Amino acid sequence: MRRVAKLSAACIATAALALTATACGSTSNDEDSSSSASSGSGKGIKIGLAYDVGGRGDRSFNDSAARGADKAAKEFGGSLKELTAKSTDTEADREQRLTDLADAGYNPIVAVGFSYATSVDKVAAKYPKVNFGLIDAVAKAKNVDSITFTEEQGSYLAGVAAALKTKKDHVGFIGGVDTPLIKKFEAGYAQGVKDTNPKVKVDVQYLTHGSDFSGFADPAKGKEAASGMLDNGADVIYAAAGSSGNGSIEAVSGVKGAWAIGVDSDQYNIPGLAKFKNSILTSMVKNVDVGVYDFIKSVHEGKPLTGNQIYSLAKGGVSLSTSGGFIDDIQPKLDEAKKKIVDGTITVKTS
């Protein structure tokens, strides 16, 4: 295993607050970092990863990207460099992080999260021979593979599960930040609930708004929001809020009969959440790892993917986890809802 050297990303202060949010991924770690997740002699493919805030270890979105990169590095005998965003990032910081990776010879480079959209287009234009991957946004540059998902479809199934499992006809949704991307999670979830049982009340709360993206990295705030919903009568809570969602799961675990729905990764099987796993009904899994692996594999094979690769419910891009067996009893109804989405009978809203 090749020890990964640390790159120091430049930090250029501007008045703009960093747009560091992703679908759901961050912890409170604000430092640029590298991880020794590479294998082989270092003579193979050199993979660069620019994470969203939190990076590897967020138990959610970034970790999913890391799994895909780890698999590719091991399979192709490559090396892996990882840099992590700060909550105070400016656009210049993101551009510099990608530039540092390109200058160091990393190719492909994966930008984890839509906050990198503008910087990927700018840097990709300067390095036309480098292959870039961008998660959760669609780039304009020709040498970029945009990796997107139908979060609303997976969230619809989470809503169906919530409506079938609630004993109080009252469920909740917690969003990290009220971005258009997280609105997709909310829209699909609420539609799934209402289509299944119109009588069920859906509480919605966002932890932060506007340019404050700390809502993706504040477990204490997630716990507080979930506790409030539980006190108000909700007994199933779905959080799309990065590491803030870990706090939501913790709050739910303290209430008998209540369920949490995880996001992005199968959170039932995340070691850091093991003591809460019996309260995790299911997780809306977003297979970022598959998208990352597919992209790196295409570069390794000399046929780089470009354009927009959409990972839908039909293609297995999103799904509900079955770990714990807690949704086994309602699986036929979930399968029926999935079939209707795939065949077009049900069109899931994105806002």
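Just so you know, these numbers come straight off a predicted model, no measurement behind them.

Colleague: So what's going on with the overall build of the protein chain? Which residues, and what values?
Modeller: When you go through the protein chain residue by residue, the secondary structure sums to nine helices and twelve strands. Every one of the 351 residues in the protein chain was classed for burial, and the buried ones make up 60%.

Colleague: Describe the sheet that holds strand 4 (residues 132-135), listing the residues and the values that go with them.
Modeller: Spatial ordering of the open sheet is given by 2-1-3-4-5-11, a layout of six strands whose pairing is parallel. This sheet does not close on itself; its edge strands, each paired only once, are strand 2 (79-84) and strand 11 (307-311). In this sheet, neighbouring strand axes are inclined to one another by 20 degrees on average, regardless of whether the strands run parallel or antiparallel. The pairing of strand 1 (residues 46-51) with strand 3 (residues 109-111) spans three bridges and is parallel. Looking at the pairing, L49 lines up with V110 of strand 3. Contacts between helix 3 (residues 117-126) and the sheet are confined to strand 3, strand 4 and strand 5 (144-149), with strand 4 contributing the most and set at about 170 degrees to the helix.

Colleague: Quick rundown of the layout of surface pockets? Include the residues and the values.
Modeller: For the largest pocket, the calculated volume is near 180 Å³. Forming the boundary of the largest pocket are Y156, V160, L164, D195, T196, K333, E336, A337, K340 and I346. With four residues, helix 9 (residues 331-343) is the largest single contributor of residues to the lining of the largest pocket. Looking at side-chain class alone, the lining of the largest pocket contains five nonpolar, one polar and four charged residues.

Colleague: Could you give an account of helix 7 (residues 244-253), naming the residues involved and the relevant values?
Modeller: Along helix 7, eight of the ten residues are buried, which leaves the element largely enclosed by surrounding structure. By the burial criterion, the buried members of helix 7 are S244, G245, N246, G247, S248, I249, A251 and V252. As for helix 7, its buried residues are in contact with strand 6 (170-177), strand 7 (201-208), helix 6 (219-231), strand 8 (236-240), strand 9 (259-264) and strand 10 (280-286).

Colleague: Got a sec to walk through the sheet that holds strand 8? Specific residues and values, please.
Modeller: Here we have six strands laid out as an open sheet, ordered 7-6-8-9-10-12, and mixed in their pairing. Strands with a single pairing partner mark the edges of an open sheet, and in this sheet they are strand 7 and strand 12 (318-320). Taken pair by pair, the neighbouring strands of this sheet meet at an average axis angle of 15 degrees, ignoring direction. Alignment of strand 8 against strand 9, held across three bridges, turns out to be parallel. Bridging across to strand 9, Y238 finds its partner in I261.

Colleague: Run through the side chain of S244, naming residues and quoting values.
Modeller: With respect to the helices and strands, the residue S244 is situated in helix 7. Within the structure, the side chain of S244 is placed 3.4 Å from the backbone nitrogen of A217, a separation counted as a polar contact. In this structure, S244 is in contact with L207, S214, G215, F216, A217, D218, P219, G222 and K223, ignoring residues within four places of it in sequence.

Colleague: Could you give an account of helix 9, naming the residues involved and the relevant values?
Modeller: When the terminal C-alpha atoms of helix 9 are compared, their 18 Å separation across 13 residues agrees well with the 18 Å that a helix rising 1.5 Å per residue should span. Summarising the contacts, the buried residues of helix 9 are in contact with helix 4 (151-165) and strand 12. Positioned one or two residues after helix 9, G344 has a phi angle of 90 degrees, which is positive.

Colleague: Please set out the packing of aromatic side chains residue by residue, giving values where relevant.
Modeller: The tally for this structure, following the rule as stated, stands at eight aromatic pairs. Taking the centre distance of 5.0 Å and the plane angle of 50 degrees together, the rings of Y189 and Y238 count as tilted. Of this pair, Y189 sits in helix 5 (residues 180-196) while Y238 is found in strand 8, placing the two residues 49 residues apart along the sequence. As far as burial versus exposure is concerned, Y189 and Y238 are alike and both buried. What links up through ring pairs into an aromatic cluster is the set F173, Y189, Y206 and Y238. Geometry around Y293 places K71 over its ring, the cationic atom sitting 4.3 Å from the centre.

Colleague: So what's going on with the pattern of salt bridges? Residues and values would help.
Modeller: In this structure the tally under the stated criterion is 16 salt bridges. The partner of R56 in a salt bridge is D70, with the nearest N and O atoms 2.8 Å apart. Residue R56 is located in the loop between strand 1 and helix 1 (61-76), and its partner D70 is located in helix 1; the two are separated by 14 residues in the primary sequence. Of the charged contacts in the structure, one is a salt bridge between E91 and R94, with a shortest N-O distance of 2.9 Å. Here E91 and its partner R94 are both found in helix 2 (residues 91-103), three residues apart, which amounts to about one turn of the helix. Residue classification places E91 among the partly exposed positions, given a relative accessible area of 23%. Owing to a relative accessible area of 3%, R94 belongs among the buried residues under this scheme.

Colleague: With reference to specific residues and values, describe the nonpolar core.
Modeller: As a rule of thumb, soluble globular proteins bury nonpolar side chains together. Formed by 87 residues in total, the largest nonpolar core has its most connected members in I135 and Y189. With near-sequence residues (within four places) excluded, Y189 lies in contact with S155, Y156, A158, G159, A162, V171, G172, F173, V202, V236, Y238 and I261.

Colleague: I'd like to hear about the side chain of D93, residue by residue, with values.
Modeller: By secondary structure assignment, the location of D93 is in helix 2. Among the polar contacts made by the side chain of D93, one reaches the main-chain amide nitrogen of T90 at a distance of 2.9 Å.

Colleague: Before we move on, could you go through the packing of helix 4 against helix 5 and cite the residues and values that matter?
Modeller: Direction vectors running N to C along helix 4 and helix 5 enclose 40 degrees, while the axes themselves pass 6 Å from each other. As far as their axial angle goes, helix 5 and helix 4 are oblique. The interaxial crossing formed by helix 4 with helix 5 has right-handed handedness. Judged by residue contacts, E151, E152, S155, Y156, A158, G159, V160, A162, A163 and L164 of helix 4 engage L181, K184, F185, G188, Y189, Q191, G192, V193, D195 and T196 from helix 5. Residue classes in the contact of helix 4 with helix 5 are distributed as ten nonpolar, six polar and four charged.

Scoring rules and cut-offs
Residues numbered from 1 in each chain as written. Predicted model: local features only at pLDDT ≥ 70, side-chain atom pairs only at ≥ 80, totals over all residues. Heavy atoms only, no water. Helix = DSSP H or I, 4+ residues; strand = E, 2+ residues; numbered from the N terminus. Buried < 20%, exposed > 50% of the residue type's maximum accessible area, 1.4 Å probe, protein only. Pairing = 2+ DSSP bridges. Axes fitted to C-alpha atoms, helices over the stretch in contact; angles between N-to-C directions. Contact = heavy atoms within 4.5 Å. 1 Å grid on protein atoms, 1.4 Å probe; cavity = no way out; pocket = protein on both sides within 12 Å on 5 of 7 lines; lining within 4 Å. Points joined across faces, edges and corners; volume = space filled by probe spheres on them. Nonpolar A, V, L, I, M, F, W, Y, C, P; charged D, E, K, R; others polar. Polar contact = N/O pair within 3.5 Å; in protein donor to acceptor, adjacent residues only side chain to side chain. Expected span 1.5 Å × (residues − 1). Phe/Tyr/Trp six-rings, centres within 6.5 Å; stacked < 30°, edge-to-face > 60°. Lys NZ or Arg CZ within 6 Å of the ring centre and 35° of its normal. Salt bridge = Lys/Arg side-chain N within 4 Å of Asp/Glu carboxyl O. Core = buried A, V, L, I, M, F, W, Y, C linked by side-chain atoms within 4.5 Å. Parallel < 35°, antiparallel > 145°, perpendicular 65-115°, else oblique. Left-handed = near helix turned anticlockwise from the far one by under 90°.

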